[in-house]
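Examination of the molecular architecture
Each chain, letter by letter, is given below.
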Amino acid sequence: MTPTGTVENPLRVAIVGSGPAGFYAAGALLKSKSHPDLCVQVDMYDRLPTPWGLVRGGVAPDHPNIKAVSRVYEKTAAHPGFRFYGNVEYGRDVLHDDLVGRYHALVYAVGSQTDRRMGIPGEDLPGSWAATEFVAWYNGHPDYRDLEFDLSPERAVVVGNGNVATDVARMLALTGDELATTDVADHALEVLAESQVREIVVLGRRGPAQVAFTNPELLELGEMTDADVFVDPKDVELDPLSKAFLESEAASMTAKKNVDILTGYAAREPTGKRRRIVLRFLVSPVEILGEDRVEGIRIRHNELVEDESGSIRARPTDAVEEFECGLVFRSIGYRATPVEGLPFDDRRCVIPNEGGRVLDSRRPLTGEYVVGWIKRGPTGIIGTNKRDAQETVEHLLEDLDAGRLPDPADPDRDSLEALLAERCPEHVTYAGWEAIDRAEKAGGEPRGRPRVKLCSFEELLDAAHDRVS
Ligand SMILES: Cc1cc2nc3c(=O)[nH]c(=O)nc-3n(C[C@H](O)[C@H](O)[C@H](O)COP(=O)(O)OP(=O)(O)OC[C@H]3O[C@@H](n4cnc5c(N)ncnc54)[C@H](O)[C@@H]3O)c2cc1C
């Protein structure tokens, strides 16, 4: 048998998911430094007709520099060993057995597709949303384009102290003119530009020293054109535990700087801007109030305690408070869902793995790997996925060298194309995505926007297949 990884018998790898993790894995395989002569074919699948995962569907529209990371992925896609199959959903259009029979290795890069719930009364009232929904809607994700956000209430609450919460707060605070220069979805631009929201209250369960914001994102909240940031000086008076933590070696520069930024905000006087962003700490929502829709929120005040492991956590006190609001966005984390044909860790919401090798009952499953959020959970910035994917690919190549990768029964690319032609004739190749990209950019150009996103499967597929819609 010809060795795997040669021109006669290329290493065939399927990557499911075309977000950052999938692309970094593809790049590491196609340009492996440890195996420079390896001949690799990577086929990448995505359920959407468009690639880039959360770089397109998560990163905020007013952060075009961050979205520019897709240029790195474009270089990977230009490699002759790379193919893209969009609009193909793993678990629906192609199944585990279809891929196992056609590839030496499968790499799952499906991310975390849903949100975590708060589990409090009123969470399902109209006006209470997951940040996931709002983010996907304003970014033009085709599954979410028909959601209807009523932004007529004057006060919105954002629950959570991570960067997604800052994105949501910023998107509610940006002016229509500012939004109009971005790639925000047209349907969202219309609604956001007419928004009546005047106050955005961001709730953190712990204190200023424990927030998960990164410094630039927290600083941005203080630099909004038409929104003042407000922090109650009492909220930045540190408790003894937080003080000791910040003075210890365990405290990161980010945490120290966050406290400085928040202290600076507490000293600011309002400048009379049209909106305000209020950052509150040591509070947790306990109930969303309202009969037929969100009318208010009840929050409980917390205090900080050290648990057995030495971590500082929030403990509820007896103090409760209620205030009016018409919108609640929970931004308390993303959550992965089980993937067809694979084990799933329900507690951590990841596919169990060791360094990216999928584990079943603690034993590695031959030829099956994970990268990105489905591997380690929904944390880290885009760049974190690069190191993470490199680790997985190193292990995959170690398995190749050790002869542990099974030969697929049907490694012929034509057989795959035949399967796709039958199962999903509307699949989108990389050339199809480039046609979408061109159409979106052409739509944006006369309006001085980077692109006007096509937001329905129909529009996307028409553009990909060069049909007039
Ligand atoms: C709202 C938000 C904003 C963010 N902003 C920033 C930022 O500004 N800067 C930064 O550095 N990081 C940011 N991040 C983090 C960053 O986006 C993630 O680290 C990164 O996207 C995770 O990559 P991934 O490839 O694991 O998952 P994803 O990016 O989610 O990619 C997963 C891909 O898999 C596809 N998929 C899922 N299921 C299937 C299936 N069954 N079949 C086929 N395909 C499937 C999806 O369509 C998607 O394309 C943000 C995250 C969020 C949620």
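Here is a short report on the structure shown in this document. Given the structure is predicted, the values throughout are model-derived calculations rather than measurements. (Residues numbered from 1 in each chain as written. Predicted model: local features only at pLDDT ≥ 70, side-chain atom pairs only at ≥ 80, totals over all residues. Heavy atoms only, no water.)

A few words on the overall build of the protein. Within the protein, the regular secondary structure consists of 17 helices and 18 strands. The C-alpha radius of gyration of the protein comes to 24 Å, within 12% of the 23 Å expected for a compact globule of 469 residues. Dimensions along the principal axes, computed over C-alpha positions, put the protein at roughly 75 × 55 × 40 Å. Burial statistics for the protein: of 469 residues in total, 55% are counted as buried. In the protein, 76% of the contacts between residues at least 6 apart in sequence involve partners at least 24 apart. Looking at the protein, you have 55 positive and 79 negative side-chain charges, and the mean spots of the two groups are 3 Å apart. (Helix = DSSP H or I, 4+ residues; strand = E, 2+ residues; numbered from the N terminus. Rg over C-alpha atoms; globule rule 2.2 N^0.38 Å. Buried < 20%, exposed > 50% of the residue type's maximum accessible area, 1.4 Å probe, protein only. Contact = heavy atoms within 4.5 Å. Lys, Arg positive; Asp, Glu negative; His and termini not counted. Charge placed at Lys NZ, Arg CZ, Asp CG, Glu CD.)

The next point concerns the nonpolar core. Nonpolar side chains in soluble globular proteins tend to end up buried together. With 48 residues, the main nonpolar core has F134, Y138, L192, I200, I277, L279 and F329 as its most contacted residues. No other element matches the 6 residues that helix 7 (residues 163–173) contributes to this core. Judged by nonpolar contacts, the second largest core, of 44 residues, contains L29, F84, V107 and L397. (Core = buried A, V, L, I, M, F, W, Y, C linked by side-chain atoms within 4.5 Å.)

Okay, helix 17 (residues 457–464) next. The set of residues buried in helix 17 consists of L460, L461, D462, A463 and A464. Against the buried residues of helix 17 lie helix 2 (54–57) and helix 16 (430–444). Just downstream of helix 17, D466 is the residue with a positive phi angle, here 60 degrees.

With respect to the helices and strands, the residue V13 is situated in strand 1 (residues 11–16). Under the relative-accessibility criterion, V13 is labelled buried at 0%. Spatially, the C-alpha atom of V13 lies 49 Å from that of G326, the residues being 313 residues apart in sequence. Here V13 is in contact with L29, V40, Q41, V42, D43, Y103, A105 and V107, once residues within four sequence places are set aside.

The next subject is the side chain of H395. One can find H395 in helix 14 (residues 384–401). Taking the relative accessible area as the measure of exposure, H395 reaches 17% and is therefore buried. Beyond its immediate stretch of four places on either side in the chain, H395 contacts E354, G355, R357 and Y369.

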